[in-house]
Structures are given as structure tokens and as C-alpha cells.
Amino acid sequence: MSTRRLILSTLAVVAASFAAPGLSLAQSDKTTRIVVPFAAGGPIDLTARILAEAVKPSLGNVIVDNRPGAGGNIGMAAVAKATPDGLTLGIATTASHGINPWLFSKLPYDPAKDFAPVTQMLRVPNVLVMNAETARRLNINGLADLIRYAKANPGKLNYGSGGNGSAGHLAGEMFKQQAGVFAVHIPYNGGNPAQLGLLSGQVDFNFDNLATASANIQAGKLKALAVTSAQRSSVMPDVPAVAETLPGFAVDTWWGLVAPAGTPPVVVRQLNSAFVAALGSPDVKARFAKLMAEPAPGTPEAFGRFMAQERAKYERPVKLSGAKVD
């Protein structure tokens, strides 16, 4: 075969592969790997496994690979260094792509350059909760009451978090700045100890994950004053949003899918199509609802813009808090 005919033949095959909708990633006998940068059993791991199962009809075999450590940095570094062929995906989170760039003096990846966004997966609203007994004693029935009390009694209230630089810590700092109040931050070694501190009355209020706090809210042990999403949450619609009192306040826990930078755009589009369809399925929505999670599918471009906005949003609060990990 002449060189010219070989080139034309090759171009024809490539064109056909782009044009034929029936040629999906599922036709490959290779395995797609979703790297979860946290240990098995947590909400991020659970949602990744739900989606891995849901996309098998379109992508074929999909497995979850847990790479915990360093606040998500170890797993995300593994994704950044993986071959950009669409077979390795990672879970980008509020921490890895919003907070860690300012919390760590040096990251083993560049959150802006080392990844190709695929789609946001979901968001889980945080909620401002008070110890119920403390709320009764101080006659605090809503967010406006909390702000009034804090302004009249500067430094008398304290709030707990899972540690310096955690999402709960930074939500508290953003709340203090916007409300014009001062409350003492009490860092704990993790979210569970922080919740125990709140339940025991060691601290007055926390910004907690709605999924984690909901059982104690329903049991009457914690009083939900406001959710931190821009609008009220569909899973707890009677609880107002902080933004109804402090316009513009919005802090969600979120995560989504990214691929290594350099992954071909056509492959990113195929991945986006598969995962967006899964996120929209009634079964996935029902299973996420049990985790108090709201699916948030979108285009790769929209997810990329969102992550850039999150990085910008957390820069000032992290720097003002003085939190540093290394």
C-alpha cells in the first residue's frame, strides 16, 4: 500500500471512530479506575461506588481505588500523574481543590493545571447547629438571635470544628467576618470529636455536614439554625439558609470527577455523558438522598469554572485564619 493510501485509510478509521455513536468506552475490555482520596466507608467513597456501578452499562468495568492521606493530596497526586487515557479518574473535593491550595505551602499537584474537569457529582449542604440545651438557655431560636447574642456578648460563644483549616473552621471564620461577630474557635482532631464536643456542651455551635448532623437534629439534641447552601436544602426545607440573613453566604461540601490533564476532549465528553446520565437516574438520586446529598451534574466547562471560583473563595478565609498544615 502506498504511503498516501495508508494515510487516507488511517484518517478514515479515526473519522469513523469519532462519528459513530455506537463506539463507546464500554466496548473496551479495559477497566476504568476511580481514585477516591479518602478511606473506604465514608460518604465520598460510598457515592463513588454507587456511580461506579451505575455507569457500567456505558463504560464497562469500573472499580474504586482508595488512596487516603494528607487531606486528599496523595490520591489527587496519583490522578495528576496517571496516563491521560480516560481510564483513571479522581474525586476532586472542597478540600483538594478549594482549601488545600491555600492551606499547604506546597502541593504535589497543581489544582488548576493538572486536571481535566469531567462533572461535578454532588453537593452536601453544611448546617449551623447549636447544642439544643444551650440554645434554650440563651433563648436563641434562629440565626438572627445568634448574631444578636454574639454581638452583645463578644467572645462568650465558641464553636468547634474538625481542625484548623477544616471546612467547618473556615465556614465559621466566613460567618464571623460577614456577621461582624467574634466567637472562639475550638479545633478538634476530626469531625466526630467536634460533634461530641457540641453534644456534650463543650462548645456552643458548629458548622457540620448535614448528613452527619441530621440524626441528632431529628432527635432534638441539636438545633439547626441555618443551612450554608445558597438556597434551602430540599432534604430539610424548613431550615432557612444563612444567605437569608447574610446575603451571599454560601458554603457547600462538594465533590466531582476529574481526569488527568491532557485527556482527549472527546474522551472527556464521553465520560461526562455517562456520569451525567447516571447522576440523573432515579435510583442514584434515591440512594444519594439517603446520604443527604444532592446530585449536581453539569458540563466539564461549568465544573472547571466552579472549582476556580471555590479556590478564589477560600483564599482569604484560610489566610485570615492563619491555618497552615506544613
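Above this text sits the structure in question.
Presented here is a report on the structure given in the accompanying data block. Numbers given for residues are sequential positions, taken from 1 along each chain in its written order. A pLDDT threshold of at least 70 governs which residues receive local features in this predicted model, and a stricter bar of 80 or more applies before side-chain atom pairs are shown or counted, although totals over entire chains, interfaces and linings include all residues. Only heavy atoms go into the side-chain values, all of them from the structure, while hydrogens and water stay out.

### Description of the layout of surface pockets
Stage number 1. Buried and open spaces are told apart on a 1 Å grid over the protein atoms alone, a cavity being a set of points where a 1.4 Å probe fits but cannot get out and a pocket being an open set with protein on both sides within 12 Å along at least five of seven lines. Residues with an atom within 4 Å of a point are the lining residues. Grid points are joined across faces, edges and corners, and a volume is the space filled by probe spheres set on the points. In this structure, the largest pocket spans a volume of roughly 1,200 Å³.
Stage number 2. Considering the residues around the largest pocket, the lining is formed by 42 residues, among which F38, S166, A167, G191 and T253 are closest to the centre.
Stage number 3. We count a stretch as a helix when DSSP gives it H or I for four or more residues in a row; a strand needs E for two or more, and each element gets its number in order from the N terminus. Among the elements that take part in the lining of the largest pocket, helix α5 (residues 94–103) stands out by supplying 5 residues, more than any other.
Stage number 4. Side-chain classes are defined by residue name, with Ala, Val, Leu, Ile, Met, Phe, Trp, Tyr, Cys and Pro counting as nonpolar, Asp, Glu, Lys and Arg as charged, and the others, Gly among them, as polar. Classifying every residue of the lining of the largest pocket gives 16 nonpolar, 24 polar and 2 charged.

### Describing the side chain of R311
Stage number 1. Residue position: R311 is located in helix α13 (residues 300–321).
Stage number 2. Only protein chains enter the area calculation, which uses a 1.4 Å probe; residues under 20% of their type maximum are buried, those over 50% are exposed, and those in between are partly exposed. His is not counted, nor are the chain ends; Lys and Arg add positive charge and Asp and Glu add negative charge. For salt bridges, the criterion is a side-chain nitrogen of Lys or Arg within 4 Å of an Asp or Glu carboxyl oxygen. Notably, R311 is buried but unbridged: the nearest opposite-charge side chain belongs to D110, and the N-O separation is 6.5 Å.
Stage number 3. Here R311 is in contact with H97, G98, P101, W102, P111 and A112, once residues within four sequence places are set aside. Residue contacts are defined here by distance: any two heavy atoms, one from each residue, within 4.5 Å place the two residues in contact.

### What to know about the pairing of strand β4 (residues 115–131)
Stage number 1. Burial analysis of β4 places 15 of its 17 residues in the buried class, the great majority of the element.
Stage number 2. Here, a strand pair is defined by DSSP locating no fewer than two bridges between the strands. Pairing geometry for β4 and strand β9 (residues 252–260), over 9 bridges, is antiparallel. When the bridges of β9 are listed, A116 appears paired with A259.
Stage number 3. In this structure, β4 lies alongside strand β10 (residues 294–295), joined through 2 bridges in antiparallel fashion. Counted as the bridge partner of L122 is P295 from β10.
Stage number 4. Bridge count for β4 against strand β7 (residues 205–209) is 5 bridges, and the pairing is antiparallel. Counted as the bridge partner of N126 is N209 from β7.
Stage number 5. In this sheet, strand β8 (residues 222–227) lies alongside β4 in antiparallel orientation, the contact comprising 5 bridges. The residue of β8 that forms the bridge with N131 is L222.

### Describing helix α10 (residues 210–218)
Stage number 1. Of all the positions in α10, only L210, A213, S214, N216 and I217 are classed as buried.
Stage number 2. Buried positions along α10 lie against β4, α9 (191–199), β7 and β8.
Stage number 3. The N-capping residue of α10, defined by a side-chain oxygen 2.9 Å from the backbone nitrogen of A211, is N209.
Stage number 4. With its phi angle positive at about 85°, G220 sits one or two positions after the end of α10. As used in this structure description, the phrase polar contact means that two N or O atoms lie within 3.5 Å; if the pair is within protein, one of them must be able to donate a hydrogen and the other to accept it, and residues adjacent in sequence are counted only when both atoms belong to side chains.

### Some words on the environment of N73
Stage number 1. With respect to the helices and strands, the residue N73 is situated in helix α4 (residues 73–80).
Stage number 2. The sequence separation of N73 and A92 amounts to 19 residues, and the corresponding C-alpha distance is 10.0 Å.
Stage number 3. Residue contacts for N73: discarding those within four places in its chain leaves N100, F104, L107, P108 and Y109.
Stage number 4. Polar contacts involving the side chain of N73 include one to the side chain of Y109, which spans 3.1 Å.

### Quick look at the pattern of salt bridges
Stage number 1. Overall, the coordinates contain 11 salt bridges when judged by the stated rule.
Stage number 2. The partner of K313 in a salt bridge is E310, with the nearest N and O atoms 2.9 Å apart. Here the residue K313 and the residue E310 both occupy positions in helix α13, the gap between them amounting to 3 residues, near one helical turn.
Stage number 3. Judged by relative accessible area, K313 falls into the partly exposed class, the value being 25%.
Stage number 4. Take E310: its relative accessible area is 6%, and that puts it in the buried class.
Stage number 5. When salt bridges with common partners are traced through the structure, they connect R33, D65 and R67 into a single cluster.

### Some thoughts on the side chain of N131
Stage number 1. Along the chain, the position of N131 falls in strand β4.
Stage number 2. At 3.0 Å, the side chain of N131 forms a polar contact with the backbone nitrogen of E133.
Stage number 3. In this structure, N131 is in contact with L198, L199, S200, G201, V203, D204, K221 and L222, ignoring residues within four places of it in sequence.

### A short note on the nonpolar core
Taken as a class, soluble globular proteins show a tendency for nonpolar side chains to be buried jointly.
Stage number 1. Throughout this description, the term nonpolar core refers to a set of buried Ala, Val, Leu, Ile, Met, Phe, Trp, Tyr and Cys residues connected via side-chain atoms within 4.5 Å. Counting residues in hydrophobic clusters, the biggest one holds 44 residues, and the most contacted among them are L128, L143, L146, F175, F205 and F249.
Stage number 2. Excluding residues that lie within four positions of it along the chain, F205 makes contacts with L128, V129, M130, L146, L157, N158, Y159, G160, F175, A183 and L198.
Stage number 3. Counting 31 residues, the second largest nonpolar core, distinct from the first, contains I34, V36, L59 and A116.

### Focus on the packing of helix α8 (residues 167–179) against α13
Stage number 1. Closest axis-to-axis distance for the α8/α13 pair is 10 Å, and the angle between their directions is 90°. Between α8 and α13, the angle falls in the class roughly perpendicular. Here α8 contributes H169, L170, E173, M174 and Q177 to the contact with α13, which in turn contributes K313, Y314, R316, P317, V318, L320 and S321.
Stage number 2. Here the residues of the contact of α8 with α13 are counted per class, giving 6 nonpolar, 3 polar and 3 charged. An axis is simply a line fitted to the C-alpha atoms; with a helix, the fit covers only the stretch in contact. Between two such axes, the angle follows the N-to-C directions and lies from 0 to 180 degrees. Note on terminology: angles under 35 degrees are roughly parallel, angles over 145 are roughly antiparallel, angles of 65 to 115 are roughly perpendicular, and the others are oblique.

### Quick word on the packing of aromatic side chains
Stage number 1. Only Phe, Tyr and Trp rings are paired, with Trp represented by its six-membered ring, and only when their centres lie within 6.5 Å; those with planes under 30 degrees apart are stacked, over 60 edge-to-face, the remainder tilted. The full count for this structure, using the stated rule, is 7 aromatic pairs.
Stage number 2. Note on Y109 and F115: the rings are 5.7 Å apart at their centroids and 75° apart in plane angle, and the pair reads as edge-to-face. As far as the burial class goes, Y109 and F115 line up, both buried.
Stage number 3. Centroid distance F175 to F207: 5.7 Å. Interplanar angle 55°. Geometry classified as tilted. Within this pair, whereas F175 is found in helix α8, its partner F207 is found in strand β7, the two being separated by 32 residues in sequence.
Stage number 4. Residue classification places F175 among the buried residues on the basis of a relative accessible area of 2%.
Stage number 5. One aromatic cluster is present, formed by Y159, F175, F205 and F207 through successive ring pairs.

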